Amino acid sequence: MGLSAPAWAAAPRSVRAVVGGYVLLLGLGTAVHVVHLVVGGLDPYPGLPAWLTGYFVSLTVLDPLAALLLWRGRRCGVLLTGAVFVTDAAANGWANYALDATGGITVGRVGQAMITAAALVFLALAPRLWRRAGPPAG
């Protein structure tokens, strides 16, 4: 398994770099959510509604799954990666703006801005990745 999979082998270096970068970002996201679970135990996101906590916990599975499918050159990986970044940006936006009454710039808001930027860049590049990716798994 690697970026030498047929879908990415013939792709320009820039496409392979984008895929590698997003696989790394998804890996980082996985690590962050695992740390929250290890440190937070049964309440990894105190103060958040159960539905939002459930979504963030689900990212411990969705992030690595998206990374694996994208890395393997699957179109479903392109779709899942886009969905993960867009919904993560929205969920973090809700948590950091609708639920957090703190004014000004916070660490969470900076993180949310970075996730949103990554989501927008991915959406802009997704058609190019889609064309180079292989058929859906299965």
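Participant: Which residues make up the overall build of the chain, and what are the values?
Facilitator: A tally of helices and strands in the chain yields five helices and zero strands. In the chain, the order of α-helices and β-strands from amino to carboxyl end is α-α-α-α-α. What you see for the chain is a C-alpha radius of gyration of 16 Å, in line with the 14 Å of a compact globule of 138 residues. Split into buried and exposed, the 138 residues of the chain put 38% on the buried side. Within the chain, counting contacts between residues at least 6 apart in sequence, those at least 24 apart form 67% of the total. Carbon together with sulfur atoms contributes 72% to the accessible area of the chain, which is approximately 7500 Å² in total. Positive and negative charge centroids in the chain, built from 9 and 4 side chains respectively, lie 27 Å apart.

Participant: Requested: an account of the nonpolar core, with residues and values cited.
Facilitator: The biggest cluster of nonpolar side chains holds 28 residues, and the ones touching the most others in it are Trp 8, Phe 56, Leu 70, Val 78, Phe 122 and Leu 129. Secondary structure elements with two or more residues in this core: helix H2 (13-40), helix H3 (50-71), helix H4 (75-98) and helix H5 (107-132). No other element matches H3, which puts eight residues into this core. With near-sequence residues (within four places) excluded, Leu 70 lies in contact with Trp 8, Val 19, Tyr 22, Val 23, Gly 77, Val 78, Thr 81 and Phe 122.

Participant: I'd like a rundown of the packing of H2 against H4, residues and numbers included.
Facilitator: It is at 12 Å that the axes of H2 and H4 come closest, and there the two elements cross at 50 degrees. In terms of axis orientation, H2 runs oblique to H4. In the crossing of H2 with H4, the sense of the turn from one axis to the other is left-handed. Within the contact between the two elements, H2 uses Tyr 22, Leu 25 and Leu 26 and H4 uses Thr 81, Val 84 and Phe 85. For the contact of H2 with H4, the class distribution of residues is five nonpolar, one polar and no charged.

Participant: Explain H2 to me, using residue names and the numbers behind them.
Facilitator: Compared with the 40 Å implied by 1.5 Å per residue over 28 residues, the 40 Å span of H2 between its first and last C-alpha is a close match. At the C-terminal side of H2, Gly 41 shows a positive phi close to 60 degrees.

Participant: Describe the environment of Ile 105, with residues and values.
Facilitator: Summarising the element assignment, Ile 105 is placed in the loop between H4 and H5. A residue is classified by how much of its surface remains accessible, and Ile 105, at 77% relative accessible area, is exposed. Along the sequence, Ile 105 and Tyr 55 sit 50 residues apart, while their C-alpha atoms lie 24 Å from each other.

Calculation rules
Residues numbered from 1 in each chain as written. Predicted model: local features only at pLDDT ≥ 70, side-chain atom pairs only at ≥ 80, totals over all residues. Heavy atoms only, no water. Helix = DSSP H or I, 4+ residues; strand = E, 2+ residues; numbered from the N terminus. Rg over C-alpha atoms; globule rule 2.2 N^0.38 Å. Buried < 20%, exposed > 50% of the residue type's maximum accessible area, 1.4 Å probe, protein only. Contact = heavy atoms within 4.5 Å. Areas by Shrake-Rupley, 256 points an atom, 1.4 Å probe, with all protein chains shown as cover. Lys, Arg positive; Asp, Glu negative; His and termini not counted. Charge placed at Lys NZ, Arg CZ, Asp CG, Glu CD. Core = buried A, V, L, I, M, F, W, Y, C linked by side-chain atoms within 4.5 Å. Axes fitted to C-alpha atoms, helices over the stretch in contact; angles between N-to-C directions. Parallel < 35°, antiparallel > 145°, perpendicular 65-115°, else oblique. Left-handed = near helix turned anticlockwise from the far one by under 90°. Nonpolar A, V, L, I, M, F, W, Y, C, P; charged D, E, K, R; others polar. Expected span 1.5 Å × (residues − 1).

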